[in-house]
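# Overview (structure and organization)
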Amino acid sequence: MSFDRRQFIGATAALSATLAAPMVRAQARPRVVVVGGGAGGATAARYIAKDSDGAIDVTLIEPSRAYYTCFFSNLYLGGFREIDSLAHSYGTLAADYGINVVHDWAVGVDRDAKTVALAGGASLPYDRLILSPGIDFVDGSVAGWDLSAQNAMPHAYKGGSQTELLKAQVMAMPEGGTFAMVAPPNPYRCPPGPYERVSMVAHLLKEVNPTAKILIADPKEAFSKQGLFEEGWATHYPGMIERVGPEMGGADISVDPQAMTLTIDGEATPVDVCNVIPAMKAGRIAEIAGVTDGNWAPVNAADLSSKIDPSIHVLGDSAAQGDMPKSGFSANSQAKVCANAVRGALTGSTVFPARFSNTCWSLIDTDDGVKVGATYEATEEKIARVDGFISQTGESAELRAATYQESIGWYDGITADMFG
Amino acid sequence: MRLPVLSAVLACCGASLAMSQSLDLTLTDPDQIAAECGGTAAAGEVLFTSCSACHALQPEDARPTQAGPHLGALFGREVAAVDGYAYSPGLRQLQAEGAIWEREALHAYLQGDLLPDTHPVVAGEQDRRDILTFVRVATLPPPPARGELVVPPEVLAIEGDPAYGEYLASECAGCHRSGSGNVPAIDLLDGEYFITAMHEYRARARTNETMRLIAARLTDEEIAALAAYYLSIE
Ligand SMILES: Cc1cc2nc3c(=O)[nH]c(=O)nc-3n(C[C@H](O)[C@H](O)[C@H](O)COP(=O)(O)OP(=O)(O)OC[C@H]3O[C@@H](n4cnc5c(N)ncnc54)[C@H](O)[C@@H]3O)c2cc1C
């Protein structure tokens, strides 16, 4: 089996080098390679495989055997979820959808030959390449911090072990100790994420360490759902949370992971836990593929194709697409539009007009859920916002509880939509 | 002299309300209203400061000193409908004919073409559009109660395209899945119930904001397409 397959790939590659490529591709089973099995990549792979009924050969490259969602990782910190409930396997995508799941890192893209190089040495040809590698951090964006310090000062902004580490550190805080967060500058994944995290850490501390304090150094003037969070913090965690915005030096900070200090505007404060969330950029492979411009990969709104290379699509956090926030919901929504367009381009199936939506739920305390959402459309220039809503301050406890229940349903829905 | 003409205007635009292009009462999205009325609400709000001495936007804001009636739910409202207000004979005449305020009639009224000398004229074409856009957005009637909205049989009968429905349903699948509890499963709902529910969300007769938002941009045909798809997978 595998021998035949390699022969077949080799033969096609040799042919396409000499013949007019479209001719060859029309005869062979078109190949889609997806890099990154997260909210964008897993959804795109699943929809292309599902809807093309075997007409397209789909390969998904993802180093991890289990995907730990970042969404709901804050609820794990707060004690509302077990870590295992955040893990999802790629088994169904391979078994039920016929997706070739390769657990490896993509380390190079040859855009002329249309191949992806894997760390293990393999080279995979593609007709369309979909990149959804999430985020990486901008070097030097937080003075004193680099990836080698992520154990002393975790970011917990990629799923799995970092989240567990952060929780263990919160649990080990001395009585009355300080949890510090260095919040990221815009744009970053999950705009309400840091503030939901503060809420969940506060919830945990209120139970196990009620005299502890939370200190946020924030370079942003304002943040997502600010009114809702501040109202919730004042109600549920009075006096516990202090946020230092840019007007008070929140943008002028450095950390010392050895001494465990956070310096704001020249003044060093000893802290017990320091959650450093650095500035973000597209996952490194997007840069390696040469489809980034600055920190992000610009894409066309109608099909998420790269503005630099039309055979490459970039989804989710890595994409500079316009008005959508970087969220799992957005990545999932973009993936379905992209899958429809890629299928149309490769098999001639009907391409329906792009439509996108997003809703981000956040939990502030037990049964106190809020949400913000919007719909989007594709314009020539970008993905543009059409209409939206946000939870209101002063909503009833019933509505807040219903909103939280709805978020649990969403979690089940989106993970089923990603992994089958 | 002018009245017959005016009645004609109203007869063509007002009488067949539901089908009239110029009065889609289901519109609640300010941007769509702005597109339909051809104005900008923000500009209209500024202009409306010249109107507010005489007109309140909502019944609860009306003051006895105001010379004009409140404008609550003005679009689609019967002419001369505010109780206890001393309307001019011209307006009373229109009322007797069963006329209803809608965009063209209001535009003509502000222009001084409809019942000249009964209402101050707003000279600029764009100013009139801006004011009407603002008033329409600011005086939207409260949404119908759930169960009150009746989807017309011809809308229920639209034959949806299941292939398009399958694509549209991918937006639903981000939250709804078969058999799940916290967000209700929708794949096995009765077709008419499903269609009615989507129309209720679109008309804001149901409260979930996420669903209102999703439904707001679905056309009758798209709702039918979704229903056709879900029926096809049963
Ligand atoms: C604390 C927190 C809370 C959040 N809460 C929410 C929420 O409530 N709702 C919401 O919608 N979103 C939420 N998000 C945001 C959400 O997690 C991301 O926006 C979403 O995961 C982006 O999807 P993606 O496909 O772009 O990237 P990811 O889901 O991160 O997937 C990227 C994948 O690519 C893989 N990868 C990277 N490089 C390579 C390579 N070179 N080769 C192969 N594979 C590679 C990675 O291993 C990873 O599995 C939250 C994020 C955080 C951090």
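Criteria and thresholds
Residue numbering note: each chain is counted from 1, following its sequence as written. Labels are handed out in written order, letters beginning with A for the chains and numbers beginning with 1 for the ligands. Per-residue local features are limited, in this predicted model, to residues with pLDDT of at least 70; the limit for side-chain atom pairs, both in listing and counting, is 80 or more; totals at the level of whole chains, interfaces and linings are taken over all residues. Values shown for side chains rest on all heavy atoms present in the structure; no hydrogens or waters enter the calculation. Only runs of H or I of at least four residues qualify as helices and only runs of E of at least two qualify as strands under DSSP, and these elements are numbered from the N terminus. A simple rule labels every residue: compare its accessible area, found with a 1.4 Å probe on the protein chains alone, to the largest value its type can have, and call it buried under 20%, exposed over 50%, or partly exposed in between. Any two residues whose heavy atoms approach within 4.5 Å at even a single point are treated as in contact. Accessible areas in this description were obtained via Shrake-Rupley with a 1.4 Å probe; residue shielding takes into account the shown protein chains only. At least two DSSP bridges between two strands are needed for those strands to be called paired. Here an axis means a line fitted to C-alpha atoms, over the contact stretch when the element is a helix, while the angle between two N-to-C directions is reported on a 0 to 180 degree scale. Left-handed describes a crossing in which the near helix is turned anticlockwise from the far one by less than a right angle; the clockwise case is right-handed. Residues are sorted three ways: Asp, Glu, Lys and Arg are charged, Ala, Val, Leu, Ile, Met, Phe, Trp, Tyr, Cys and Pro are nonpolar, and all the rest, Gly among them, are polar. Any two rings among Phe, Tyr and Trp, with Trp reduced to its six-membered ring, count as a pair given centres within 6.5 Å; such a pair is stacked if its planes are under 30 degrees apart, edge-to-face if over 60, and tilted if neither. In this text, near means that some heavy atom of the residue lies within 4 Å of the molecule or strand in question. Here a polar contact is taken to be a pair of N or O atoms separated by no more than 3.5 Å, where protein atoms must pair a possible hydrogen donor with a possible acceptor and residues adjacent in sequence count only if both atoms sit in side chains. Either an automatic procedure or a domain database provided the assignment from which the domain bounds are taken. We define buried area as the total accessible area lost by two parts upon association, computed with a 1.4 Å probe and summed across both. By convention in these notes, a salt bridge is any Lys or Arg side-chain nitrogen within 4 Å of a carboxyl oxygen on Asp or Glu. Nonpolar cores are built from buried Ala, Val, Leu, Ile, Met, Phe, Trp, Tyr and Cys residues. Side-chain atoms within 4.5 Å join them into one set.

In terms of regular secondary structure, chain A is built from 11 helices and 24 strands. When the backbone C-alpha atoms are referred to their principal axes, chain A occupies close to 70 × 45 × 40 Å. Per-residue burial over chain A gives 57% buried out of 420 residues. Across chain A, every contact between residues at least 6 apart in sequence was considered, and the portion connecting residues at least 24 apart equals 67%. A total accessible area of about 16400 Å² is found for chain A, and carbon and sulfur atoms account for 51% of it.

Moving on to the overall build of chain B. When its secondary structure is counted, chain B shows 11 helices and 0 strands. Taken from the N to the C terminus, the helices and strands of chain B come in the order α-α-α-α-α-α-α-α-α-α-α. Each of the 234 residues in chain B was classed as buried or not, and the buried ones make up 47%. In chain B, once contacts between residues fewer than 6 apart in sequence are set aside, the share between residues at least 24 apart is 58%.

Okay, the sheet that holds strand E5 (residues 100-102) of chain A next. Residue and element names in this part refer to chain A. Judged by pairing direction, the sheet is parallel, and its 5 strands sit side by side in the order E5-E2-E1-E9-E20 without closing on themselves. The open sheet has two free edges, formed respectively by E5 and strand E20 (312-314), since each of these has just one partner strand. If you compare each strand with its neighbour and ignore which way they point, the axes differ by 20° on average. As judged from the 5 bridges shared by strand E1 (residues 31-35) and strand E2 (residues 57-61), these two strands associate in the parallel manner. Paired with Val33 across the bridge in E2 is Thr59.

Next up on the list: unusual backbone geometry. In this chain, Asn186 of chain A is followed by Pro187 of chain A through a cis amide linkage whose omega measures -10°. Note that Pro187 of chain A resides in the loop between strand E11 (178-182) and helix H7 (193-208).

Residue and element names in this part refer to chain B. One way to put it is that helix H2 (residues 30-37) packs onto helix H6 (residues 125-138) with a least axis distance of 9 Å and a crossing angle of 145°. Here H2 and H6 pass one another in a crossing that is right-handed. Facing H2, whose interface residues are Pro30, Ile33, Ala34, Glu36 and Cys37, H6 presents Arg129, Thr133, Arg136 and Val137. Here the residues of the contact of H2 with H6 sort into 5 nonpolar, 1 polar and 3 charged.

On to the packing of aromatic side chains. One pass over the structure, following the stated rule, counts 24 aromatic pairs over all chains. Between Phe72 of chain A and Trp410 of chain A the ring centres are 6.1 Å apart and the planes differ by 70°, which places this aromatic pair in the edge-to-face class. One end of the pair, Phe72 of chain A, is in the loop between strand E3 (66-68) and helix H4 (73-78); the other, Trp410 of chain A, is in helix H11 (residues 397-419), and 338 residues separate them in sequence. The two residues Phe72 of chain A and Trp410 of chain A agree in class, both being buried. Ring geometry for Phe48 of chain B and Phe134 of chain B: centres 5.4 Å apart, planes at 55°, overall tilted.

In this section: the site of the ligand. Residue and element names in this part refer to chain A. Taken together, 34 residues form the shell around the ligand, and within it Glu62, Tyr67, Ser132, Arg189 and Asp317 come nearest. Contacts to the ligand include Ser327, whose backbone N or O atom sits 3.5 Å from an oxygen atom. Within the backbone of Gly328, a nitrogen or oxygen atom sits 2.9 Å from an oxygen atom of the ligand. Coverage of the ligand by the protein chains reaches 93% of its 1000 Å² of free accessible surface.

Residues and elements named next belong to chain A. Domain parsing of chain A yields domain 1 (5-136 + 280-419) and domain 2 (140-276). For domain 1 and domain 2, the distance between their C-alpha centres works out to 29 Å. Listed per partner, the contact involves 36 residues of domain 1 and 32 residues of domain 2. Across the domain 1 to domain 2 interface the summed buried area is about 3000 Å²; carbon plus sulfur atoms make up 62%. Joining domain 1 to domain 2, the criterion identifies 3 salt bridges.

By size, the foremost hydrophobic cluster in this structure holds 148 residues, and its most contacted members are Leu131, Phe179, Ile214 and Leu262 of chain A. Beyond its immediate chain neighbours, meaning those up to four positions away, Leu262 of chain A contacts Ala180, Val182, Leu215, Ala217, Ile253, Ser254, Val255, Glu267, Ala268, Thr269 and Val271 of chain A. If you look at the next biggest cluster of nonpolar residues, it comprises 25 residues, including Ala80, Leu91, Val122 and Val135 of chain B.

A few words on the pattern of salt bridges. Enumeration over the complete set of coordinates arrives at 27 salt bridges over all chains. Here Arg355 of chain A and Glu222 of chain B are joined by a salt bridge, their closest N and O atoms 2.9 Å apart. With Arg355 of chain A in strand E22 (residues 355-365) and Glu222 of chain B in helix H11 (residues 220-232), this pair bridges two chains. Neither residue differs from the other here; Arg355 of chain A and Glu222 of chain B are each classed as buried.

Turning our eyes to something else, we now look at the interface of chain B and chain A. At the interface, 23 residues of chain B touch 36 residues of chain A. Summed over both partners, the interface of chain B with chain A comes to about 2300 Å²; 54% of that surface belongs to carbon and sulfur atoms. Three residues stand out in chain B for area buried against chain A, namely Tyr167, Leu213 and Arg217 of chain B, and they jointly supply 29% of the buried area on that side. Taken together, the connections running from chain B to chain A amount to 2 salt bridges. Where chain B meets chain A, there are 11 residue pairs in polar contact (both at pLDDT 80 or more).

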